[in-house]
Amino acid sequence: MNIIENQKIRVLLDIKDEFTSQKIEIKDRNEYIPVIGSSEKLGSLLFIFKNYIYSKPLMLKNKSENNLILNYKDSIISILLEITIENDDLIHFKYTIKFNHKLKLTKLISNYDILLGNNPDYTWVPHIRPKENYVMADHIFRSPAVIYNKGKYSFSLIPDLDILAKNRPFQTILDLNLKTKEYTDFPQLSFGFGNYKSVEHILFRHNPKKHMKIKADSNLIFGYYVKLFNDSPINDVLAYINSFLWERYGKKRLYADCNPQVLSYDTFVEEGFKAIFKRHNYWGNFQIDNIECGGVFLRSWMGSKKKPLKYIKPEKLEKYKKTSSIELSGQSKLINRIISRFSNSPFWIKRFDKFTRHHAIITRNAEMRNNAWFLNVRTGYGFRYFAKLWNDQFLKDKGNRTLNTVLNLPRIKGVFPSVILPEKENAIRFSTINGLKAFIFTDDFHLVDICLAIYWAIKFFEDFGEVNGIKEKCKELFDLIEELQLDNGAIPTYIGFKEDNKTPIIRDTLLNSASTGAPLMFLTEYYKISKDKRIIPIAEKCAKYIQTEIIPQDKWHDYEPFFSCTHLPFDIYDNFTKSHVINTLSIYWSAEGLKELYKITKN
């Protein structure tokens, strides 16, 4: 048995005839607690070809106080493993594998049993993998760490991104599997080389029949860190991992890759405004009750050559809604289905872009939106900001028009439509659609979109001066939110109204979700301009709901995972990792709302 240790942790290696096992333990008083280790009949480095799994016996080459070097060599491969205790409870592993002959493998991974046992109290993974053979792909290595907590003890496995950046001849995968396998009764954790393919738009599937063809005289190198924690609150664990990723990788890459900016920031902004107002002509003027309004039409995602804008007359609205629903469900004409099918492929995107520079095939509808993605009033705030900076009356007018649109749309108890469709340029007639479920039209109102739109209207008031009627509009919306708030503090996400247009109907869709963060943003900003003390208890109930029912479970659900390019079931849960779907929009809304509430209450 070979051991390296300090006062907090130790690494044990047992060299057997067919493999070398590893075990990592943490010291608690005078007892060592096993945290992770090799499976009983396998080493930690696994060579996998189809259903055949094997290891190699690594022999001790060198040992010092904080370092072990092991190696193995035969006619086919040479393996070098370096294990280093970098500080009290951080261990670095680095594998260098040289292939003397060509070889086919399905996976080449470092694999561990989680010896703390199943049923963890907390897990964190960078991505869900909710089905058999699904994995966490390096495609989404934005916060690449697995965190596992059970009782007093926690650990994290973090891929070495410096090594990965220099040595990635094949895709790499990270995996946590809490469902036991045939060869072990423990949950499994692994990292290394293996294939994956994007499926269901946001998930990644490993194909056990697909092989890596490794050439002779080639090297594969990968590494990772294992960090151990004893009696650390999970928030401290998360804070450490965040800091580690930023200090070790994020900050270095951010500043190392920043080339001198030749053009001024103003130049980039000017080019963006030219794209809206000149090159693509995405701006539209119209009137609401003789008030000058306007907005930026919903952009098509690609194509230099575009068809003329298509305006929708109010009497054609129902047909337009029906046609859009057919297109979104994949029943549209052939060209749209082809575009949808290949829209995720960089290969086809480049060719599609080149084709559309000469052929106009993209339909452009004269449709304005105020929703979390395409928030016209937020864009209008940008117009006003640069209008003030540059003393530009044209931009000031356009910003004011986007604000006028939000403030003068028809309302029911403070809520208003998210979609506006003028019948022509400079129209006095227009039609509206109440709400959106991502791209999908709905007759319900989406309180997220409405609260965010009014939030930015308040920002107009705070930063650019008097906005007629803003406080009255805010009060209407606040009164409705106060009426709708659930006993647990959540704010419903979608609502309708009875035929009297006075009585709200709360929809079940995303009823208890992290969408409450958007109303919290509105409430805190409204308080700043009104000082209405009724707002604080409503906002505090929202905050308590987020803190007790969303944050502990990492259940960051909003509309995007369920209605966007992917249509996950509302009850989706990754039993392999004990993780919920996480969407960052709701994290931002909640974080911003909680931050501003703290600034107001100091609590």
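Below you will find a few notes about this structure. (Residues numbered from 1 in each chain as written. Predicted model: local features only at pLDDT ≥ 70, side-chain atom pairs only at ≥ 80, totals over all residues. Heavy atoms only, no water.)

## A look at a positive patch on the surface
Phase 1: A contiguous patch of positive charge, built from K50, K102, K104 and K213, is present on the exposed surface.
Phase 2: Structurally, K104 can be placed in strand 11 (residues 103–105). (Patch = residues over 30% accessible without salt bridge, like charges linked within 9 Å, V, L, I, M, F, W, Y side chains within 5 Å. Areas by Shrake-Rupley, 256 points an atom, 1.4 Å probe, with all protein chains shown as cover. Salt bridge = Lys/Arg side-chain N within 4 Å of Asp/Glu carboxyl O. Lys, Arg positive; Asp, Glu negative; His and termini not counted. Charge placed at Lys NZ, Arg CZ, Asp CG, Glu CD. Helix = DSSP H or I, 4+ residues; strand = E, 2+ residues; numbered from the N terminus.)

## Re the nonpolar core
For soluble globular proteins, the rule of thumb is that nonpolar side chains tend to be buried together.
Phase 1: Counting 84 residues, the largest nonpolar core has V415, F522, Y559 and W589 as its most contacted members.
Phase 2: Beyond its immediate chain neighbours, meaning those up to four positions away, V415 contacts P410, F445, L447, I450, L477, L480, I495 and F497.
Phase 3: Counting 73 residues, the second largest nonpolar core, distinct from the first, contains Y112, L116, I140 and L176. (Core = buried A, V, L, I, M, F, W, Y, C linked by side-chain atoms within 4.5 Å. Buried < 20%, exposed > 50% of the residue type's maximum accessible area, 1.4 Å probe, protein only. Contact = heavy atoms within 4.5 Å.)

## Section: the packing of aromatic side chains
For any two aromatic rings, the description comes down to two numbers: the centre-to-centre distance and the angle of the planes.
Phase 1: Within the structure shown, the criterion is met by 43 aromatic pairs.
Phase 2: With centroids separated by 5.8 Å and ring planes inclined at 85 degrees, the aromatic side chains of F193 and F222 adopt a geometry described as edge-to-face. Of the two residues, F193 is situated in strand 18 (residues 188–194) and F222 in strand 22 (residues 218–230); the sequence distance between them amounts to 29 residues.
Phase 3: Taking relative accessible area as the criterion, F193 reaches 0% and is therefore assigned buried.
Phase 4: Considering the side-chain rings of F562 and F570, the 5.0 Å spacing of their centres and the 35 degrees angle between planes classify their relative orientation as tilted.
Phase 5: An aromatic cluster is present here, built from F93, Y95, Y112, F141, F191, F193, F222 and Y224 joined pairwise through their rings.
Phase 6: When the ring centre of F576 is taken as reference, the NZ or CZ atom of K179 above it lies at 4.3 Å. (Phe/Tyr/Trp six-rings, centres within 6.5 Å; stacked < 30°, edge-to-face > 60°. Lys NZ or Arg CZ within 6 Å of the ring centre and 35° of its normal.)

## Thoughts on the packing of helix 7 (residues 376–390) against helix 9 (residues 447–464)
Phase 1: Relative to each other, helix 7 and helix 9 sit at 15 degrees, their axes nearing to 9 Å. It follows that helix 7 is roughly parallel to helix 9 by the angle criterion. Of the two elements, helix 7 crosses helix 9, and the hand of that crossing is left-handed. Contacts between helix 7 and helix 9 involve V377, R378, G380, Y381, R384, Y385 and K388 from the former and A453, W456, A457, K459, F460, D463 and F464 from the latter. (Axes fitted to C-alpha atoms, helices over the stretch in contact; angles between N-to-C directions. Parallel < 35°, antiparallel > 145°, perpendicular 65-115°, else oblique. Left-handed = near helix turned anticlockwise from the far one by under 90°.)

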